[in-house]
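Report on the structure
Chain residues, written in single-letter form:
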Amino acid sequence: MATGKVVVEKIGGRSTATRCFSKYPLKFLLPTKAAPAGTDVVWIYTITYGGGIVSGDSISCEFTIGDGCTAVLTTQSSTKVYKAIGSQCSEQISEARIGSESLLVVIPDPVTCFSTARYYQKQIFRLVSDSNLVLVDWITSGRHANGEKWDFEFYKSINNVYLEDDHPLFLDTVLLEKRSIQSIAERMQDYQAIAMVILFGEKLKEIQKQVQENVKNMMSEQLQISYGSRRYKSESSSRNDFMKPEFIASCSTFGSEGKGVVIRIASDSTESVYNFLRQQLAQLQPLLGQPPYA
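Definitions and cut-offs
- Residues numbered from 1 in each chain as written.
- Predicted model: local features only at pLDDT ≥ 70, side-chain atom pairs only at ≥ 80, totals over all residues.
- Heavy atoms only, no water.
- UniProt positions renumbered as here; feature names shortened; annotations may be inferred.
- 1 Å grid on protein atoms, 1.4 Å probe; cavity = no way out; pocket = protein on both sides within 12 Å on 5 of 7 lines; lining within 4 Å.
- Points joined across faces, edges and corners; volume = space filled by probe spheres on them.
- Helix = DSSP H or I, 4+ residues; strand = E, 2+ residues; numbered from the N terminus.
- Nonpolar A, V, L, I, M, F, W, Y, C, P; charged D, E, K, R; others polar.
- Core = buried A, V, L, I, M, F, W, Y, C linked by side-chain atoms within 4.5 Å.
- Buried < 20%, exposed > 50% of the residue type's maximum accessible area, 1.4 Å probe, protein only.
- Contact = heavy atoms within 4.5 Å.
- Phe/Tyr/Trp six-rings, centres within 6.5 Å; stacked < 30°, edge-to-face > 60°.
- Lys NZ or Arg CZ within 6 Å of the ring centre and 35° of its normal.
- Pairing = 2+ DSSP bridges.

The protein has the name Urease accessory protein D in an unreviewed UniProt entry, where Cardamine amara subsp. amara is given as its organism. On record in UniProt, under Sequence similarities (unreviewed entry), the comment for the protein is "Belongs to the UreD family."

Here is the structure:
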């Protein structure tokens with residue numbers, strides 16, 4: 001049985017949560033005043049008892065977004081994954097069905113894994129041809145104040161998007177696992193957060209174009225700064241003194257006719273990722289009533 005389930009349907013011409021169920025360790029909050037007046041959207045906040053996911057916890061969620069509805073799935077703070085007990089792995093699995101001309105916006109705060117944590121998550125999205133999806137999936141290096149940087153044991157995040165139930169549209173897996181030869185921190189170098197953003201659907205077409213252009217300009221400027229710093233170094237030290245960009249982003253399209261866009265990000269700070277998300281997703285405000293990560 002699922003740990004949580006939410007159904008959003010069109011009632012009286014408005015998007016309405018017609019079913020909401022959750023049990024330990026998960027809880028849903030659906031504040032009635034989350035969406036400004038005149039906005040047709042349901043906001044769903046997910047929280048866990050104790051403020052995080054305990055070793056061995058298993059969470060399973062189901063979301064159904066009916067035809068013509070808009071829903072936002074978010075969190076009240078970062079998803080903390082506490083230290084593992086032995087080889088126990090915490091897991092969170094969710095599946096969402098998005099109806100015709102509907103929009104689901106998944107904009108959580110990042111996952112933050114404590115030292116020795118083991119965490120697995122899988123998110124499945126089932127769309128029809130005119131569904132719309134915004135998905136943000138990201139992780140930080142850990143608790144900096146405690147000196148923990150990429151100090152967890154295992155992290156795996158799977159995001160699969162299917163069209164018309166079973167046709168694979170986008171399949172993605174991120175795996176970070178501690179190894180005896182090279183640690184996660186060594187592989188991640190100085191970057192403290194990584195993120196992925198998916199924009200899919202006709203309602204997001206103009207946002208996709210703008211984000212792609214913004215990322216292109218941003219990275220062109222970043223690489224010019226990095227290259228410029230290298231030119232002023234001596235030939236003998238130029239390779240070692242090359243200034244690595246503090247923020248890296250890339251864009252690519254997927255699906256027929258490039259209907260989807262995926263943005264991948266690596267940054268030396270969590271706040272710079274927040275800033276990027278606020279700026280690039282601000283155009284969602286007319287659809288949601290307020291900008292994401294406001």
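What follows picks up the thread again.
1. Thoughts on the layout of surface pockets
Any empty space left between atoms is shown by rolling a water-sized probe over those atoms. Counted as a void, the largest pocket has a volume near 500 Å³. Contributing to the lining of the largest pocket are 34 residues, with T46, T75, T79, Q92 and P108 lying nearest its centre. Looking at the lining of the largest pocket element by element, the count peaks at five residues for strand β12 (residues 118–127). Here the residues of the lining of the largest pocket are counted per class, giving 16 nonpolar, 14 polar and four charged.

2. Let's talk about the nonpolar core
With 46 residues, the main nonpolar core has L104, C113, F125 and F152 as its most contacted residues. With residues up to four places along the chain from it excluded, the contact list for F152 reads C113, F114, S115, T116, A117, I139, T140, S141, L176, K178 and I184. Counting 32 residues, the second-largest nonpolar core is a separate cluster that includes A193, V261, Y274 and F276.

3. Some points on the packing of aromatic side chains
Counted by the stated rule, this structure contains 13 aromatic pairs. Centre to centre, the rings of F28 and F63 are 5.7 Å apart; their planes meet at 65°, and the pair counts as edge-to-face. Remark: F63 occurs in strand β6 (residues 58–65) and F28 occurs in strand β3 (residues 26–29); sequence separation between them is 35 residues. Across the pair, F63 and F28 agree in class, each one buried. Note on W138 and Y274: the rings are 4.8 Å apart at their centroids and 85° apart in plane angle, and the pair reads as edge-to-face. Taken together, the residues span a long stretch of sequence, with W138 in strand β13 (residues 132–140) and Y274 in helix α3 (residues 270–280) at a distance of 136 residues. The class for W138 is buried, based on a relative accessible area of 1%. Site record: aromatic cluster; members linked through ring pairs are Y119, W150, F152 and Y155. Here the guanidinium or amino end of R143 rests over the ring plane of F114, the centre of that ring lying 3.8 Å away.

4. Description of the pairing of β3
Burial of β3 is one-sided: the residues L26 and F28 facing one way are buried, the residues K27 and L29 facing the other way are not. Pairing of β3 with strand β4 (residues 42–48) involves four bridges; the strand directions are antiparallel. Bridged to F28 within β4 is T46.

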